[in-house]
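Summary of structural features
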Amino acid sequence: MLIFEKGQKGRGSGILPACDVPVVMPGEKDKRETDLHLPEVSENDISRHYSELAGKAHGVNDGFYPLGSCTMKYNPKINEEIASLPGFTEIHPLQPKETVQGCLEVIKTTEQYLCEITGMDRMTFQPAAGAHGEFTGLLLIKAYHESRGDHKRTKIIIPDSAHGTNPASASMVGYTVLSVPSTGEGLVDLKALQAAVGEDTAGLMLTNPNTLGLFDKNIDIITKIVHEAGGLTYYDGANLNAVMGIVRPGDMGFDVMHVNLHKTFSTPHGGGGPGSGPVGCKKFLADFLPSDLFSEDFGDKDKETSIKSIGRVKSFYGNFLIVVRALTYISMLGSGGIPEASKHAVLHANYMMSQLRDIFTIPYEGNCMHEFVMSLSDLKKETGISALDIAKGLLDEGIHPPTMYFPLIVPEALMAEPTETEAKETIDRAVEVFHRLYERAKSNPEALHEAPASTPVTRLDEVGAARKPKLRYNFQDNGI
Ligand SMILES: *Cc1c(COP(=O)(O)O)cnc(C)c1O
């Protein structure tokens, strides 16, 4: 039930004092033509309404959430405590800089830590998400080529094991995307890459570890091939959870990259934001960064802004409180804890994969990094049960399904990422559930086709939702 439907005329939560200034009414032309439908509900009802909604959602605090490519790790409560300190929350971005030195120091310190972790030289915190970071990073690449009068570089090379946002971001910046296939091992086909590069190559975007959960062992050769052709290299660092504190994209030959603070660095995500996708680059690109950098003494940032800058990609310093959370996380873990977290993330994924090998096909040989991909095509052929059916069955068991039907190069794919913050017992229980669903696929496939049974809504008409989406609530139809 929507909150509008719970409203009763005349009820409300109005506790505002009587107006003690002259009332000014808008002129005729500024008045609404229709009534504004605001729900009239008591504070008690509002409170229950939102608690009920929260209870219907599944978050990391509710249960296992092995959503591949998304790193749904636990968000430590201390991050929230620090981010709610009044010195961070009760500030205004237009305050004089001398009054927010502590906040600027938070950004500066986080920049230094993240540069140390990634091997980059400078970083902007404006981008509000990973995809926004990709867009920003590609603008840096474009600005670089243009600053050299090199206008013929119109293509971005992207392997077919990349995250879907990579080609989308390249298109948004105005580039043509050139796809490079993967080898049987799931790595970039070097011959195809060599054939793809040329005078029109603006750069390459590499998701590493890639969406198959594999670290490309030829990574230094890949960056070399692109550089020799005059292109720049972009590292999609959303999967940094597999490698942080162990290897650095900057040392592998990457010029630009983004980091997802709302994945690797434990800040909450999943509800559409706010996120943070800082973009780091090597020194030779720093002048092109957005205009939010400031000097060492945290002084006047405007003086620091280079005329070569691509300008702003978001207001002020981006989603600042997310940066506070990430800095808290990095400081709590320290230089010992950061690589430890990655090692456990990789260990957990390999453990879970090893426990599922007997029922699902693992399409690429060898160890995985922090996530792995399974193919359920054999199960589908045998029983008619698809990856979607298994995912829906998991919902009844209180487990959030893995990512489905991604990457596109694996049929009936499920991509799981257990993360380092789950206990062995949790992973074991999930493995047991997968085995149970596998048995059910064979013994009672009809029941699985009907799943889930315990959620607020059961099977949705997905075609209908895509073709005839209802994007607007109609008050009249609902008698309000
Ligand atoms: C999540 C993700 C992105 C996009 O990040 P958003 O914050 O969701 O925009 C890009 N690349 C990879 C590999 C990802 O996992």
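The structure contained in this document is the topic of the report that follows. Residue indices begin from 1 for each chain and proceed along its sequence in written order. Side-chain atom pairs in this predicted model are given and counted only at pLDDT of 80 or more, local residue features only at pLDDT of at least 70, and totals for whole chains, interfaces and linings cover all residues. Based on all heavy atoms of the structure, the side-chain values leave hydrogens and waters out of the count.

This part takes up the sheet that holds strand E8 (residues 372-375). Backbone-to-backbone hydrogen bonds join strands into a sheet, with any given pair of strands oriented parallel or antiparallel. The antiparallel open sheet is built from three strands, whose spatial order is E8-E10-E9. The open sheet is flanked by E8 and strand E9 (403-404), the only strands paired with a single partner. Whether two strands pair depends on DSSP finding at least two bridges between them. The helix count covers DSSP runs of H or I at least four residues long, the strand count covers runs of E at least two residues long, and both are numbered beginning at the N terminus. For E8 and strand E10 (residues 413-416), the ladder comprises four bridges, and the chain directions are antiparallel. From the neighbouring strand, Val 373 faces E10, where its bridge partner is Met 415. We call two residues in contact when some of their heavy atoms are within 4.5 Å. Axes here mean lines fitted to C-alpha atoms, for a helix over just the part in contact, with angles spanning 0 to 180 degrees between N-to-C directions. Strands E8 and E10 of the sheet are contacted by helix H11 (residues 320-356), whose axis makes an angle of about 15 degrees with E8.

Right, let's get into the pairing of E10. Under the scheme applied here, a residue whose accessible area is under 20% of the maximum for its type counts as buried, over 50% as exposed, and between as partly exposed, the area being computed with a 1.4 Å probe on protein chains only. The alternating pattern of E10 places Ala 413 and Met 415 on one face and Leu 414 and Ala 416 on the opposite face, and all of these are buried. Of the strand pairs in this sheet, E9 and E10 are connected by two bridges, and their pairing is antiparallel. Counted as the bridge partner of Met 404 is Leu 414 from E10.

Throughout, near means a residue has at least one heavy atom within 4 Å of the molecule or strand. With respect to spatial proximity, 14 residues lie near the ligand, and among them Ser 69, Gly 130, Asp 236, His 262 and Lys 263 are the closest. Side-chain atoms alone can form a polar contact between residues adjacent in sequence; in general such a contact is a pair of N or O atoms within 3.5 Å, and within protein one must be able to donate a hydrogen while the other accepts it. At 2.6 Å from an oxygen atom of the ligand is found a main-chain nitrogen or oxygen belonging to Ser 69. A distance of 2.7 Å separates an oxygen atom of the ligand from a polar atom in the backbone of Gly 130. Contact with the protein chains removes 87% of the 380 Å² of surface that the ligand exposes when unbound. The greatest single-element share of the shell around the ligand, amounting to three residues, is contributed by helix H6 (residues 130-147). Per-residue and other accessible areas were derived by the Shrake-Rupley procedure at a 1.4 Å probe size, with only the shown protein chains allowed to occlude residues.

Ile 219, Ile 222, Thr 223, Ile 225 and Val 226 are the residues of helix H9 (residues 219-228) that are buried. All buried residues of H9 fall inside an arc of 155 degrees around its axis, so they share one side. Facing away from the buried surface of H9 by more than 90 degrees, the exposed residues are Lys 224 and Glu 228. Elements in contact with the buried residues of H9: helix H8 (190-196), strand E4 (201-207) and strand E5 (232-237). Gly 230 lies just past H9 and shows a positive phi near 90 degrees. What the arc covers is the set of directions going from the helix axis to the C-beta atoms.

In this section: the environment of Ile 359. Within the element layout of this structure, Ile 359 appears in the loop between H11 and E8. Once the C-alpha coordinates of Ile 359 and Asp 378 are considered, the two residues, 19 residues apart in sequence, prove to be 9.5 Å apart. Among residues more than four places away in sequence, those in contact with Ile 359 are Phe 434, His 435 and Tyr 438.

Two cysteine sulfurs form what is called a disulfide whenever their separation falls within 2.5 Å. Throughout the structure, instances matching the rule amount to zero disulfides. The structure places no disulfide on Cys 281, whose sulfur is separated from the nearest cysteine sulfur, that of Cys 115, by 8.2 Å. Cysteine Cys 368 is unpaired, with the sulfur of Cys 70 as its nearest cysteine sulfur at 17 Å. Exposure remark for Cys 368: the relative accessible area of 4% places this residue in the buried category.

Attention shifts here to the sheet that holds E4. With mixed pairing, the seven strands of this open sheet are ordered in space as E1-E7-E6-E5-E4-E2-E3. Strand pairing shows two members of the sheet lacking a second neighbour, strand E1 (122-124) and strand E3 (176-180), which therefore form its edges. Pairs of neighbouring strands in the sheet enclose a mean axial angle of 25 degrees, with direction left out of account. Bridge analysis of strand E6 (residues 256-259) against strand E7 (residues 279-281) gives three bridges, and the strand direction is antiparallel. What sits directly across from Val 256, in E7, is Cys 281. Against the sheet, helix H5 (residues 101-118) engages E1 and E6, with an angle of about 120 degrees to E1.

With that settled, consider the side chain of Asn 79. Locating Asn 79 in the fold gives a position in helix H3 (residues 77-83). Leave out the neighbours within four places in its chain, and Asn 79 touches Ser 266, Arg 325, Thr 328 and Tyr 329.

Now for the pattern of salt bridges. A pairing counts as a salt bridge when a side-chain nitrogen of Lys or Arg comes within 4 Å of a carboxyl oxygen of Asp or Glu. Applying the stated criterion across every chain, the model contains 27 salt bridges. Between Glu 397 and Arg 436 there is a salt bridge whose closest N-O contact spans 3.0 Å. Of this pair, Glu 397 sits in the loop between helix H13 (387-395) and E9 while Arg 436 is found in helix H14 (residues 424-443), placing the two residues 39 residues apart along the sequence. According to the relative accessible area criterion, Arg 436 is partly exposed, its value standing at 35%. Taking the shortest distance from any N to any O, the salt bridge between Glu 432 and Arg 436 comes out at 3.7 Å. Of this pair, Glu 432 and Arg 436 are both found in helix H14, four residues apart, which corresponds to roughly one turn of the helix.

On to the nonpolar core. Side-chain atoms within 4.5 Å link the members of a nonpolar core, which is a set of buried Ala, Val, Leu, Ile, Met, Phe, Trp, Tyr and Cys residues. Counting residues in hydrophobic clusters, the biggest one holds 50 residues, and the most contacted among them are Leu 193, Leu 240 and Phe 265. Listing elements by their share of this core, those giving two or more residues are H5, H8, E4, H9, E6 and H11. Of the residues forming this core, the biggest block, 11 residues, is contributed by H11. Not counting residues up to four positions away in its chain, the partners in contact with Leu 240 are Ile 117, Thr 118, Tyr 235, Pro 249, Met 257, Val 259, Thr 264, Phe 265 and Ser 342. Leu 356, Phe 360, Cys 368 and Ala 451 belong to the second-largest nonpolar core, a separate cluster that totals 30 residues.

The analysis is restricted to geometry; functional conclusions fall outside its scope.
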